[in-house]
Amino acid sequence: MNQTKSKFYYGWIIVLLTFVTLLVSAGIRSMPSVLMIPFQEEFGWSRGAISSVASIGILLYGLVGPFSAALLLRFGIRKVVLLALSVLGASLAVTPLINSLWQFDLLWGVVSGLASGMMANVLGITVSNLWFVKRKGLVVGILTASAATGQLLFLPLIAKVTSDYGWRYAMYAAVAAIVVVFILVAIWMKNNPSDVGAAPYGATEVVKPEPFRGNVFLTPIQNLVIASKNKTFWLLAGTFFICGFSTNGLIGTHLIAACGDYGMMEVAAAGLLAMMGAFDLFGTTISGWLTDRFDSRWLLFWYYGLRGLSLIFLPYALATTPYMLVVFSVFYGLDWIATVPPTAKLAGETFGKEKSGMIFGWIVVAHQIGASFAAYGAGIMRDWLGSYSQAFFIAGLTCFIAALFAIRIQRQLKKHKEQAVML
């Protein structure tokens, strides 16, 4: 079947299913921010200890990415996503039984981190590479925005359930969401366009993708060795380290607790994160559209620079009026993960379609290492100094460094384009 004769392209259903999967996965990964204060009150754990669990989960969430890309190509999207959903659901179902920090470490730091990492940004990149030739930037933007939408839908709900009924019922609600997504994926998910007799969007020829012939554990490492010889890889990894340091590791993990330090209730603070999610849904989708049309390096320059300004403004917003926090949420939310589409495009241009999924996965590892540092470091700084202000200020300054890295990518990319073709 030629896609130009088809009234509706099935790939958009795959995008919708992937969006919902990433939405639920991201929403669940953001739950520790809601659980921090209830766990502190019930178990007596310090914020540093709870932050360490979030830090481990964030790190493994990223570290599994390159291997997830290989598994998705080797076994197909459907099988890998169903397995990840099963493991994630099981870890959540057991969590209400915990009574020790090591159990929380195991279930949320290790199991949940690995399972949700199988359904991270690499899944969106793989779907866009397999199903789309045109509109890739837009698709990556839409799928990246699912993380923000996960917060938009999940955090206020989880915070409300936790406030009214306790955190254990919040876990059961999350398990129910996973069951619904599992059923949808089992029925409608397809691995590639040829499964439905279609060509990739923007192409005319129906071609089965080349089977993955490498080792799912060794091939990602081999690709890392290749990428590490390219300065553009290190510049992209450096900017993404700072991206993670200034988003999910810091704001995603600690903003609710920071608002609590100023007397704001958890549900209201979760609403701020949800507002960020709403604006990032718009901002990241527009970022994908812009990535199809403008220089990705200059987009990154502006994204990181504006994010730095917003983080330096945050301590002032917390100390003044709720209106200032709304201003921060809108300004910061538009930029939350708008960096992903241009970063993914630069990785694809530099390393090619076949390798870009796994190499982008390694760039995401750098993102999650940065997020892990921020998640743990900000918790420790709060315990020592009694405030998150210093952590927010440091993150803002690092964003300005990332903006400078983005400009440097412009010089290196031209130099390495011929190298990338040879790879």
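Under an unreviewed UniProt entry, the protein chain has the name L-lactate transporter and belongs to Paenibacillus allorhizoplanae. According to its UniProt record, the protein chain has this under Subcellular location (unreviewed entry): "Cell membrane".

If you tally the helices and strands in the protein chain, you get 17 helices and 0 strands. Over its C-alpha trace the protein chain gives a radius of gyration of 20 Å, about what one expects of a compact globule, namely 22 Å for 423 residues. When the backbone C-alpha atoms are referred to their principal axes, the protein chain occupies close to 60 × 45 × 40 Å. Residue burial in the protein chain is summarised as follows: out of 423 residues, 57% are buried. For the protein chain, restricting intrachain contacts to residue pairs at least 6 apart in sequence, the fraction spanning at least 24 positions comes to 86%. Carbon and sulfur atoms provide 68% of the accessible area of the protein chain, an area that totals close to 17000 Å². Positive and negative side-chain charges in the protein chain, numbering 29 and 17 respectively, have mean positions lying 11 Å apart.

What follows deals with the environment of Leu138. Residue placement: Leu138 occurs in helix H8 (residues 136–165). Classification of Leu138 as partly exposed rests on a relative accessible area of 21%. Linking Leu138 and Ala120, residues 18 residues apart in sequence, is a C-alpha distance of 17 Å. With residues near it in sequence (within four places) discarded, Leu138 still touches Thr285, Gly288, Trp289 and Asp292.

This part takes up the pattern of salt bridges. Considering all chains together, one arrives at 4 salt bridges under this definition. Between Asp164 and Lys160 there is a salt bridge, and its shortest N-O distance comes to 3.2 Å. Of this pair, Asp164 and Lys160 both sit in helix H8, separated by 4 residues, roughly a single helical turn. By relative accessible area, Asp164 is classed as partly exposed at 42%.

Attention now moves to the environment of Tyr332. As for its placement among the helices and strands, Tyr332 is situated in helix H15 (residues 322–333). For Tyr332, a relative accessible area of 0% puts it in the buried group. In contact with Tyr332, other than residues within four places in its own chain, are Ser246, Thr247, Ile251, Met276, Arg307, Ser310 and Leu311.

Overall, the coordinates contain 27 aromatic pairs when judged by the stated rule. Between Phe132 and Tyr201 the ring centres are 5.6 Å apart and the planes differ by 45 degrees, which places this aromatic pair in the tilted class. Highlighted residues: Phe132 in the loop between helix H7 (121–131) and H8 and Tyr201 in the loop between helix H9 (167–188) and helix H10 (218–228), separated in sequence by 69 residues. Connected via pairs of aromatic rings, a cluster forms that spans Tyr9, Tyr10, Trp12, Trp131, Phe132 and Tyr201. One residue, Arg74, lies across the ring of Phe75, its end atom 4.8 Å from the ring centre.

Another aspect to go through is the packing of helix H1 (residues 11–29) against H9. One can describe the packing of H1 onto H9 by two numbers: an axis separation of 10 Å at closest approach and a directional angle of 160 degrees. By the criterion of interaxial angle, the relationship of H1 to H9 is roughly antiparallel. The handedness of the crossing between H1 and H9 is left-handed. Contact residues: Ile14, Leu17, Val20, Thr21, Val24 and Ile28 in H1; Ala174, Ala177, Ile178, Val181, Leu184, Val185 and Trp188 in H9.

Quick look at helix H5 (residues 77–94) now. Compared with an ideal rise of 1.5 Å per residue, which puts 18 residues at 26 Å, H5 spans 26 Å between its outermost C-alpha atoms and is within 8% of the ideal. The complete set of buried residues in H5 reads Ile77, Val80, Val81, Leu82, Ala84, Leu85, Leu88, Gly89, Ser91 and Leu92. Buried residues along H5 sit in contact with H1, helix H4 (65–75), helix H6 (101–117), H7 and H9.

Calculation rules
Residues numbered from 1 in each chain as written. Predicted model: local features only at pLDDT ≥ 70, side-chain atom pairs only at ≥ 80, totals over all residues. Heavy atoms only, no water. UniProt positions renumbered as here; feature names shortened; annotations may be inferred. Helix = DSSP H or I, 4+ residues; strand = E, 2+ residues; numbered from the N terminus. Rg over C-alpha atoms; globule rule 2.2 N^0.38 Å. Buried < 20%, exposed > 50% of the residue type's maximum accessible area, 1.4 Å probe, protein only. Contact = heavy atoms within 4.5 Å. Areas by Shrake-Rupley, 256 points an atom, 1.4 Å probe, with all protein chains shown as cover. Lys, Arg positive; Asp, Glu negative; His and termini not counted. Charge placed at Lys NZ, Arg CZ, Asp CG, Glu CD. Salt bridge = Lys/Arg side-chain N within 4 Å of Asp/Glu carboxyl O. Phe/Tyr/Trp six-rings, centres within 6.5 Å; stacked < 30°, edge-to-face > 60°. Lys NZ or Arg CZ within 6 Å of the ring centre and 35° of its normal. Axes fitted to C-alpha atoms, helices over the stretch in contact; angles between N-to-C directions. Parallel < 35°, antiparallel > 145°, perpendicular 65-115°, else oblique. Left-handed = near helix turned anticlockwise from the far one by under 90°. Expected span 1.5 Å × (residues − 1).

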